[in-house]
Amino acid sequence: MGGTKKNNPPFPDYYETLELPYGATAEAIRTNFRRLAKYFHPDIPLTGSEEAFIKIFTAYRTLSSQVRTKYDEIYKKYQAARFLQKQVSLSAPIVLPPSRVTFSTGILDLAKRGLMRKGFRTKDRRKVTGINYDIVVHIKEKEAIRRVIALIPLTVRIVCRDCMGGDPHCSSCGGAGSYKSSRNLKVEFPPSTLQNNRLFEFDLSKFRPDSFTHFKKKLLRVKLQIERKIPLPFEAGPVGK
Ligand SMILES: [Zn+2]
């Protein structure tokens, strides 16, 4: 069984208090109460605790009397509600904050390697860096058991509504026929797909964020990175130079 939560539950779990399963026999209740009472009795040095003793005594008094029938009724309802609540919270997706979506290679990193000069195309940069994805989605280990939703900002072209892209003298778009803008692409990963370093390809050519708008990119490659808890500086090992 899992550990007891620090905040008090709205309904006391007397079975848990006496370290017993629901439906335990009267004999088991008595035996466990005696064992725990010997341990927590305020007169016992070191382990004695008035608070803990009152808790087990209250549990024992309820489960060893006629009140138990009524208690069990409420207990079952409470457990069912708690189970449902847990199912709902597990089925709700996690929407990642924008900071968890990063571009495959930072511009600074590319600049340092001399890959940002004019005439150097993204395709060529990829060849040099060996990076075959556009976006990295960072997921924490503890999140990898639920559906994860990432919002990926992408460049779009929006067809000019005034000229529908057909007037070279249009004053709204200056004759370009479209505007550059950006839209978030909502991408969902089911729990079964959440594996570290897994690559996903999304065909954007068939997908439109809204009418008159299309993504500039035709194919989007996304890499998942599942990160363990980042150790604190003093937990990390020595850093080599
Ligand atoms: Zn226009």
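The structure this text deals with has already been given above.
In this text, all values refer to a predicted model and were calculated from it rather than measured experimentally. (Residues numbered from 1 in each chain as written. Predicted model: local features only at pLDDT ≥ 70, side-chain atom pairs only at ≥ 80, totals over all residues. Heavy atoms only, no water.)

Visitor: Lay out the overall build of the chain in plain terms, naming residues and giving numbers.
Guide: Check the secondary structure of the chain and you find six helices and eight strands. Listed N to C, the secondary structure of the chain is α-α-α-α-β-β-α-α-β-β-β-β-β-β in terms of helices and strands. Within the span of the chain, comprising 241 residues, buried residues form 29% of the whole. At a minimum sequence separation of 6, the contacts of the chain that also span at least 24 residues come to 64%. For the chain, the accessible surface area stands at approximately 17,100 Å², while carbon and sulfur atoms represent 56% of it. (Helix = DSSP H or I, 4+ residues; strand = E, 2+ residues; numbered from the N terminus. Buried < 20%, exposed > 50% of the residue type's maximum accessible area, 1.4 Å probe, protein only. Contact = heavy atoms within 4.5 Å. Areas by Shrake-Rupley, 256 points an atom, 1.4 Å probe, with all protein chains shown as cover.)

Visitor: How would you sum up the pattern of salt bridges? Please name residues and give values.
Guide: Per the stated rule, a full pass over the model turns up nine salt bridges. Among the ionic pairs, E19 bridges to R35, the shortest N-O distance being 2.9 Å. Here E19, found in the loop between α1 (14-17) and α2 (26-40), pairs with R35, found in helix α2; they are 16 residues apart in sequence, far enough to count as distant. We note a salt bridge from R221 to E201, for which the minimum N-O separation is 4.0 Å. Of this pair, R221 sits in strand β8 (residues 219-227) while E201 sits in strand β6 (residues 199-203), and the two are 20 residues apart along the sequence. Overall, the relative accessible area of 27% leaves R221 in the partly exposed class. By relative accessible area, E201 is classed as exposed at 54%. (Salt bridge = Lys/Arg side-chain N within 4 Å of Asp/Glu carboxyl O.)

Visitor: Which residues make up the coordination of the zinc ion, and what values do they have?
Guide: Taken together, C160 (SG), C163 (SG), C170 (SG) and C173 (SG) make up the protein donors of the zinc ion, found 2.3 to 2.4 Å from the metal. Geometry at the zinc ion is tetrahedral, judged from its four donor atoms and the angles of 105 to 114 degrees they form at the metal. (Donors = N, O, S within 2.8 Å, 3.2 Å for Na, K, Ca; no water. Tetrahedral: all angles 85-135°; square planar, octahedral: opposite > 155°, others 65-115°.)

Visitor: Describe helix α3 (residues 50-63), and please don't skip the residues or the numbers.
Guide: The end-to-end C-alpha distance of α3 is 20 Å, a good match for the 20 Å that 14 residues give at a rise of 1.5 Å each. Regarding α3, the residues found buried are A52, F53, I56, A59, Y60, T62 and L63. At its buried positions, α3 is contacted by α1, α2 and α4 (67-91). (Expected span 1.5 Å × (residues − 1).)

Shape descriptors only; they carry no functional weight alone.
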